[in-house]
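A closer look at the structure
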There are 2 protein chains.
Amino acid sequence: MARCQQIKNQRIDSIVTTSTQYTVAALGEFGLISRITARVAPHESVITGIGDDAAVTAHTPGMRLLTSTDMLLENVHFRRAWHDPYTLGRKSLAVSISDIAAMGGIPRWALLSVAMPSDLPLDFIDDFMRGFLECASENRVTLIGGDTCSSRSGVTISVTIMGEQFPDRIVRRSGAQPDDDIWVSGTLGDAALGLRLLENGESVPEALLSRILNPTPRVTVALALAEAGLATAMIDVSDGIRADFGHIAEISGVGGTLLIADLPLSDMFRSQTAHLPAIPCHYALSGGEDYEICFTAHRSNRGKIVGCAKKCGIAVTRIGIVTKFSGVSVLNRDGSQFTALTEGFNHFI
Amino acid sequence: MARCQQIKNQRIDSIVTTSTQYTVAALGEFGLISRITARVAPHESVITGIGDDAAVTAHTPGMRLLTSTDMLLENVHFRRAWHDPYTLGRKSLAVSISDIAAMGGIPRWALLSVAMPSDLPLDFIDDFMRGFLECASENRVTLIGGDTCSSRSGVTISVTIMGEQFPDRIVRRSGAQPDDDIWVSGTLGDAALGLRLLENGESVPEALLSRILNPTPRVTVALALAEAGLATAMIDVSDGIRADFGHIAEISGVGGTLLIADLPLSDMFRSQTAHLPAIPCHYALSGGEDYEICFTAHRSNRGKIVGCAKKCGIAVTRIGIVTKFSGVSVLNRDGSQFTALTEGFNHFI
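Residues numbered from 1 in each chain as written. Chains lettered and ligands numbered in written order. Predicted model: local features only at pLDDT ≥ 70, side-chain atom pairs only at ≥ 80, totals over all residues.

Next up on the list: the overall build of chain A. Secondary structure summary: chain A contains 11 helices and 12 strands in total. A compact globule built from 349 residues should have a C-alpha radius of gyration of about 20 Å, and chain A, at 21 Å, falls within 12% of that. For chain A, the C-alpha atoms occupy an extent of roughly 70 × 50 × 35 Å along the three principal directions. Counting across all 349 residues of chain A, residues that qualify as buried make up 57%. Contacts spanning at least 24 positions in sequence make up 85% of the contacts within chain A whose residues lie at least 6 apart. (Helix = DSSP H or I, 4+ residues; strand = E, 2+ residues; numbered from the N terminus. Rg over C-alpha atoms; globule rule 2.2 N^0.38 Å. Buried ≥ 20, exposed ≤ 12 C-beta atoms within 10 Å, placed from the backbone. Contact = placed C-beta atoms within 7 Å.)

Spatial ordering of the open sheet is given by β5(A)-β4(A)-β6(A)-β3(A)-β2(B)-β1(B), a layout of six strands whose pairing is mixed. The open sheet has two edge strands with one neighbour each: β5 (142-150) of chain A together with β1 (46-48) of chain B. Averaged over all pairs of adjacent strands, the angle between their axes in this sheet comes to 20°, without regard to strand direction. Inspection of the sheet shows strand β3 (residues 64-73) of chain A paired to strand β2 (residues 55-57) of chain B by three bridges, in the antiparallel sense. Paired with L65 of chain A across the bridge in β2 of chain B is T57 of chain B. (Pairing = 2+ DSSP bridges. Axes fitted to C-alpha atoms, helices over the stretch in contact; angles between N-to-C directions.)

This paragraph deals with the interface of chain B and chain A. The partner chain A presents 73 residues to the 73 residues of chain B that form the contact. With nine residues, the top contributor of residues to the side of chain B that touches chain A is strand β3 (residues 64-73) of chain B. Here the side of chain B that touches chain A is built from residues that sort into 29 nonpolar, 29 polar and 15 charged. (Nonpolar A, V, L, I, M, F, W, Y, C, P; charged D, E, K, R; others polar.)

Residues and elements named next belong to chain A. Running from N to C, helix α5 (residues 190-199) and helix α6 (residues 206-213) point in directions that differ by 105°, and their axes come no closer than 8 Å. The angle between α5 and α6 places the two elements in the roughly perpendicular class. Contacts between α5 and α6 pair D190, A191, L193, G194, L195 and L197 from the former with L208, L209, R211 and I212 from the latter. (Parallel < 35°, antiparallel > 145°, perpendicular 65-115°, else oblique.)

On to unusual backbone geometry, then. Its identity is not glycine, yet R140 of chain A carries a phi of approximately 55°, on the positive side. Positive phi values are uncommon outside glycine, yet Y291 of chain B reaches one of about 50°. Among the structural elements, Y291 of chain B can be located in the loop between α10 (281-286) and β10 (292-297).

Next up on the list: the pairing of strand β6 (residues 156-165) of chain A. Regular strands have side chains that alternate between both faces of the sheet. All names here are of chain A. Counting buried residues along β6, 10 of its 10 residues qualify, which places the element largely inside the surrounding structure. Of the strand pairs in this sheet, β3 and β6 are connected by 10 bridges, and their pairing is antiparallel. Across the sheet, residue L65 finds its bridge partner in β6, namely E164. As paired strands, strand β4 (residues 106-116) and β6 are joined by nine bridges and run antiparallel to one another. In the sheet register, I106 faces β6, and the bridge partner there is E164.

Take the relation of the copies chain B and chain A next. Aligned on chain A, chain B shows an RMSD of 0.0 Å; the corresponding rotation is 180° and the shift along the axis is 0.0 Å. The two molecules are tied by a two-fold rotation axis, judged by turn and shift. A share of 100% of the interface residues of chain B reappears at the interface of chain A, consistent with the copies meeting face to face through the same patch. (Least-squares fit on C-alpha atoms with pLDDT ≥ 70 in both.)

A word on the packing of helix α3 (residues 85-101) of chain B against helix α4 (residues 122-138) of chain B. Residues and elements named next belong to chain B. As a packed pair, α3 and α4 sit with axes 6 Å apart at the nearest point and diverge in direction by 40°. Our classification of the angle between α3 and α4 gives oblique. Every pair of crossing elements has a handedness; the one defined by α3 and α4 is right-handed. Taking contact as the criterion, the partners of P85, Y86, T87, L88, G89, R90, S92, L93 and A94 in α3 are, on α4, F124, D127, F128, M129, R130, G131, F132, E134, C135 and A136. A breakdown of the residues in the contact of α3 with α4 according to their chemical character gives 11 nonpolar, four polar and four charged. (Left-handed = near helix turned anticlockwise from the far one by under 90°.)

Attention now goes to helix α8 (residues 241-252) of chain B. Residue and element names in this part refer to chain B. With 12 residues, α8 should cover 16 Å at 1.5 Å per step; its first-to-last C-alpha distance of 16 Å lies within 8% of that length. Burial within α8 is extensive, with 12 of its 12 residues counted as buried. Taken together, the buried positions of α8 are I241, R242, A243, D244, F245, G246, H247, I248, A249, E250, I251 and S252. In this structure, the buried side of α8 is in contact with β7 (181-185), β8 (233-237), β9 (255-259), α10, β10 and β12 (327-331). Immediately downstream of α8, the backbone of G253 shows phi near 70°, a positive value. (Expected span 1.5 Å × (residues − 1).)

A separate point is the sheet that holds strand β4 (residues 106-116) of chain B. Strand order across the open sheet formed by six strands is β1(A)-β2(A)-β3(B)-β6(B)-β4(B)-β5(B), with mixed pairing between neighbours. Both outer strands of the open sheet, β1 (46-48) of chain A together with β5 (142-150) of chain B, are each paired with one neighbouring strand and no more. Neighbour to neighbour, the strand axes of the sheet diverge by 20° on average, direction disregarded.

All names here are of chain A. Here chain A is described as being made up of domain 1 (2-11 + 23-169) and domain 2 (173-331). Taken over C-alpha atoms, the centre of domain 1 sits 27 Å from the centre of domain 2. On the domain 2 side, the residues contacting the 17 residues of domain 1 number 19 residues. Listed by contribution, the elements that provide at least two residues to the side of domain 1 that touches domain 2 are α3 (85-101) and β4. When residues of the side of domain 1 that touches domain 2 are assigned to their parent elements, the largest contribution, nine residues, is made by α3. For the side of domain 1 that touches domain 2, the residue count by class is eight nonpolar, five polar and four charged. (Domains from an automatic or database assignment.)

As structure tokens, this is what we get:
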């Protein structure tokens, strides 16, 4: 519907820029859109960007289109008290870029819809957009369209991300084979542990806080693995490694064994949990919001994978083995079954 | 983020189908997604649909990608008391398809995100999806992905639509030339008049009600005009013809004159307003939600345009002339300026 599409070429110089005293209602829908549009850098692939009924983009010959969408609601996915608008803007795009990364794709274009209360300070949306567009720029993504509307109940954000990749480089969830290694990038459980500290009103070390508020999509390493043909299946870890590897296993028609002792934990995670009788591995297994990449790969490629990740500046760790029979088991250091407290995140529980 | 992506191949037969007693919470996120996925018809252009981190689609060689997104919020864009879930599902997609139509595009793929309260009856989402997927099927659109999440404040819907078209057939807002005719499809003001009756608690004739609840995107005629090279600029009419033609005028660097006497009004509109001292033309000019197509065209093409529209089974009407100088004027039957009560819809007023 044209209503919510953006007005190109509207004069920006008429917009008052001392934004602290202004709300989105004072600026108005089209003023707000112009304000955003003025900050979007052009890209050669974008034939018609913000400002018409639909954006027009030119794809790369031979590549397939990759598309994903996420919705973030205030007090469900984020709290304004915890998430400053700048990092919220970054995260809103980062979690979607993570989906393109998980396919081995090259992120290209984004659409952003924001529903906001009329009395939302203009500073909020300015800072939000600064974060969103910085994350876009870092990942070579161009904002090509979106929607703005009034909300009667908090801020709602919807992001659609589009990427591209050649057909033979796309990595799906469905390619895991028995005896493949199970790998994960970075460290697990930091965001979940940090969130628990935050919810308990305890002080949260910056290293954990940044994992909650400002996750980094693992585009570079995922793309490098995909382009080298090293990953047989891949997913991004947002619900916890146990549940997300479980998706790979289910769709691939295999199972897997994850080894507790091999889960990569950050120094901060270890130091924050050092006083506990046992490492709270459920944060690393089922905590969620890691935004790491979990992938499977033939065991003959171990050396290449470590080398590939090293070039990308991120550690990858083998955490288990794909098995022939369905089901994901998690083994303690002594070989006994680990009993998880939760099975991952379900939005409706 | 993988969390909200859909699980392919999950067993549907385990889902209880007597839905009246169930809520979305009882079914759970993944059960809900499986339930939706099972109803989506496959399409040859969709290499990987619902069920991975991102959808994979194959575009038509030589065509550009057209993309648009819309967000619909309960009690802002719709009321559950007025919109039954089936027609809400249809409308959620129809208003987005209208944007692709307005570019002369061929609608192809859609992503749908729905945030919903945990206690929402499963029947609601079943009926919503039936409407959404029927509208998709009628317009040859395939649902390829989306997001589901829990809401604490009503239903929120976000739809991203993608279409395609060859570069030389895409019709933008920017191509209107002085002396072009201004045309519009169908009739104007029906939805706005119907909405006013609804808000006043008066009975609303079915013909008006269907224009509010169940708009038809004008894909066929818009595509035919685009493919015949007859339209110089095009937009869909969602904020009222005055505001939406105003967008064409502004971006094209022209102006225009709209003639009140020539605005196409339905018989129902006329009969419902027959008792009034004057036809309430502000509904037709600025009411919004018409979802007709407004386009400009060279005057030498009048015959071809009427013929093209006739083949598509929809009337088109000349309602004014593009002028060299900026600004849109609306003239009464006697040539005097019409004074509009409102200037179109602004979400933040």
